[in-house]
Each structure stands twice: as C-alpha cells, then as structure tokens.
Amino acid sequence: MSLALLAARLGKHQAALEYQWMKRAASPAPLDQMVARRVAGEPLQYILGEQPFGPLTIKLRPPVLIPRPETEHWTLRLVDVLKAAPSRQLAVLDLGTGTGCIPLLLCHLLSPGTVRAHGVDVSPDAVSLANENAVLCGLSASDANVPRNIFRSIQSSFLNPLFPRQPQLTPPFDIITSNPPYVSWAEYVRLPRSVKHYEDPKALFGGPDGLDFYRAIAALVAVKGFLNPGALVVVEVGDGQAERVRKIFHSAAQVKSEIWLDPWNKMRTVIVKPIF
C-alpha cells in the first residue's frame, strides 16, 4: 500500500527509488510515516535526514536549506582552483552557511592545516546544524599536534552594516563564499509547495528584486582590511541574475570578475577578484 501511494504521487520509477532509500535510511521513523510525509509533499532529504554533498554526507533537518547539485558543482570547481594555487593557509568566510556544506567540503578536500573557515547565518537552526555537521565531519576542533582544517558557525546577519566589526570574526579573509537568498518576491510566490512550505523563507527570499544580499556582500569587498590581497569572492546566483550581480560588485569596488556555468549551462556562479 505504501509503495502504491508513493507511485500515485511520484510515478512508478521514482517511487521505487525513493521507497528503497527510505527503507535503508538511518531515520528511526517507521517506513509508513516516512511515506506519508513524502506523499504530503515534504522533501525527501528532510525525511531521510541527510544529503550527499561531494564525498560528504551532510546531516539535514527542516527548515535549513537543502544543498543543491548546482552548489556542489561550483564548490568542487573552487576546490580545483584552490588546489592549483600555491599551498598556504586560507581564511574562509561562508555567508548564509545553512548546513555548512560549502566550507565543510572545502575543509574536507583541501590539505589538512590549510583552511580555517567561519560560517555565518541569521538562523539559529542553521548555526546549530552547521556546527553539528562540523563535528560529524571531524572539523570542529583543532589539535596542535595534528594538522587539521577547522570550521565553526556563528549567528549573525551580514545585512547589518556593523557586520564587519562582528567580534567573533577574524578578518582579513582569503575566500568569501555564499549561496545567499536570491529569490525575488515575484518568484517566491510561484515556488513549489515542497520548497515554500518546508524550507526557511529567510534562506530563500532575497528582497524585492532578489539582490539584497549581493549588495551586502559587495559592500564587504569595499571594507578596508576585510580581505587579503589575492582574495576571491564566490557567490551563487539565480537564473538570469549573473550579469546584474556582476555589475553590483563592479559598482562597489575595483574588481575583476568571471562567471561559471552550471551543469545545465546556466550562468550560476560569479567569481570576483578585488584589485588592491
């Protein structure tokens, strides 16, 4: 009966896949309850309680934003860029960190002892979950005798003009990463129920035009002493936003920029290199 209900909602092939994933899940919830949640429209990742991200398995629970394949794609590409550069210790700041998936993957794949990463999120749910994921990934504490990359998350809003003076931050930074809220109001009201009714609106809604958080990040680039020479700012953008986001950064500071495509050939990531 459970599989039949799922098939009526998802189609036979997808239902069979998801049914097997639920049967193998580490979740203590009974299978029938998991199926009922899925039939009601809840995202599968919340039901399973985890999401693959590169070689990592990221712990997940609502309402924290579910990591997307597009984000995984550009994070892995950023790892390749950083590996190709001369090895040095990098101070990383991830804005709107959510589960912590971006800095955690950087920490996991780059050489031990070369990354000290901070995550920032306005949501206490996200901050708590990101720090749990750091523990699960073995990246929550340093050991003077063992080179190790470190990540921790703090609660703060980078929309606040006083954010650069946040006492828990330790600028200057070498890398800023962000998959910020970028959904405009017109787009938000059209989002599918599985997104709008389950994921945190604060992780989705980016202001009337969807660009408020990019303006805040661009302002940080212009703050003296916030970034090291040679720093990179890497931000994910929504469909059709790349050129507008690029202009925001060029208006705020003297920078070079480029755009990366996602696997579906959409302009997905803006890379900014401040000129000091």
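Small disclaimer: the values here were computed from a predicted structure and weren't measured.

A. Inspection of the UniProt feature "domain: Methyltransferase" (unreviewed entry) in the protein chain at higher detail. Per the UniProt entry, the sites bearing "domain: Methyltransferase" (unreviewed entry) are residues 88-140 in this numbering. A helix fraction of 42% and a strand fraction of 25% characterise residues 88-140, whose end C-alpha atoms lie 20 Å from each other.

B. Fine view of the pattern of salt bridges. Counted under the stated rule, the structure contains 13 salt bridges. Arg246 serves as the salt-bridge partner of Glu243, at 3.7 Å between the closest nitrogen and oxygen. Of the two residues, Glu243 and Arg246 both sit in helix 11 (residues 242-252), 3 residues apart, roughly one turn of that helix. Under the relative-accessibility criterion, Glu243 is labelled partly exposed at 38%. Measuring nitrogen to oxygen at the nearest pair gives 3.1 Å for the salt bridge that ties Asp262 to Arg268. Each of Lys59, Arg61 and Glu132 takes part in a single network of salt bridges with overlapping partners.

C. Spatial organisation of the packing of aromatic side chains. Within the structure shown, the criterion is met by 6 aromatic pairs. When the ring of Phe158 is compared with that of Phe163, the centres are 6.4 Å apart and the planes differ by 65 degrees; the resulting orientation is edge-to-face. Take Phe163: its relative accessible area is 2%, and that puts it in the buried class. Between Trp185 and Tyr188 the ring centres are 6.0 Å apart and the planes differ by 20 degrees, which places this aromatic pair in the stacked class. With a gap of 3 residues between them, Trp185 and Tyr188 both fall in helix 8 (residues 185-188), about one helical turn apart.

D. Structural detail: the side chain of Ser184. Within the secondary structure, Ser184 sits in the loop between strand 6 (173-178) and helix 8. Setting aside residues no more than four positions away along its own chain, Ser184 makes contact with Phe205, Gly207, Pro208, Asp209 and Gly210.

E. The arrangement of the sheet that holds strand 8 (residues 255-261) in detail. Strand order in the open sheet formed by 7 strands is 5-4-3-6-7-9-8, with mixed pairing between adjacent strands. Whereas interior strands pair on both sides, the edge strands pair on one side only; in this sheet they are strand 5 (150-155) and strand 8. Each strand of the sheet is rotated relative to its neighbour by a mean of 15 degrees, with strand direction disregarded. Sheet analysis places strand 7 (residues 227-236) next to strand 9 (residues 267-274), joined by 4 bridges and oriented antiparallel. When the bridges of strand 9 are listed, Val234 appears paired with Ile271.

F. Spotlight on the pairing of strand 9. With respect to burial, strand 9 is a largely interior element, 6 of its 8 residues being buried. Taking the residues between adjacent antiparallel strands as the criterion, strand 8 and strand 9 are bridged by 5 residues, where Asn265 takes a positive phi near 60 degrees.

G. Region of interest: helix 5 (residues 69-84). Here helix 5 is 16 residues long and its end C-alpha atoms lie 23 Å apart, about the 22 Å a rise of 1.5 Å per residue gives. Every buried residue of helix 5 is listed here: Glu70, Thr71, Trp74, Thr75, Leu78, Val79 and Leu82.

H. Region of interest: the UniProt feature "domain: Release factor glutamine methyltransferase N-terminal" (unreviewed entry) in the protein chain. In the UniProt entry, the feature "domain: Release factor glutamine methyltransferase N-terminal" (unreviewed entry) is given for residues 28-49. The annotated region residues 28-49 carries 64% helix and 0% strand content, and the separation between its end C-alpha atoms amounts to 10 Å.

I. Looking closely at the nonpolar core. Leu93, Leu95, Phe163, Phe226, Val233, Val235 and Phe249 are the most contacted members of the largest nonpolar core, which totals 34 residues. Mapped onto this core, the elements with two or more residues apiece are strand 3 (90-95), strand 6, helix 10 (212-221), strand 7, helix 11, strand 8 and strand 9. The element best represented in this core is helix 10, accounting for 7 residues. With residues up to four places along the chain from it excluded, the contact list for Phe226 reads Leu93, Phe163, Pro164, Leu169, Pro171, Pro172, Phe173, Ile176 and Leu220. Core analysis: the next-biggest nonpolar cluster, separate from the first, contains 27 residues, Leu78, Leu106, Ile175 and Trp260 among them.

Calculation criteria
Residues numbered from 1 in each chain as written. Predicted model: local features only at pLDDT ≥ 70, side-chain atom pairs only at ≥ 80, totals over all residues. Heavy atoms only, no water. UniProt positions renumbered as here; feature names shortened; annotations may be inferred. Helix = DSSP H or I, 4+ residues; strand = E, 2+ residues; numbered from the N terminus. Salt bridge = Lys/Arg side-chain N within 4 Å of Asp/Glu carboxyl O. Buried < 20%, exposed > 50% of the residue type's maximum accessible area, 1.4 Å probe, protein only. Phe/Tyr/Trp six-rings, centres within 6.5 Å; stacked < 30°, edge-to-face > 60°. Contact = heavy atoms within 4.5 Å. Pairing = 2+ DSSP bridges. Axes fitted to C-alpha atoms, helices over the stretch in contact; angles between N-to-C directions. Expected span 1.5 Å × (residues − 1). Core = buried A, V, L, I, M, F, W, Y, C linked by side-chain atoms within 4.5 Å.

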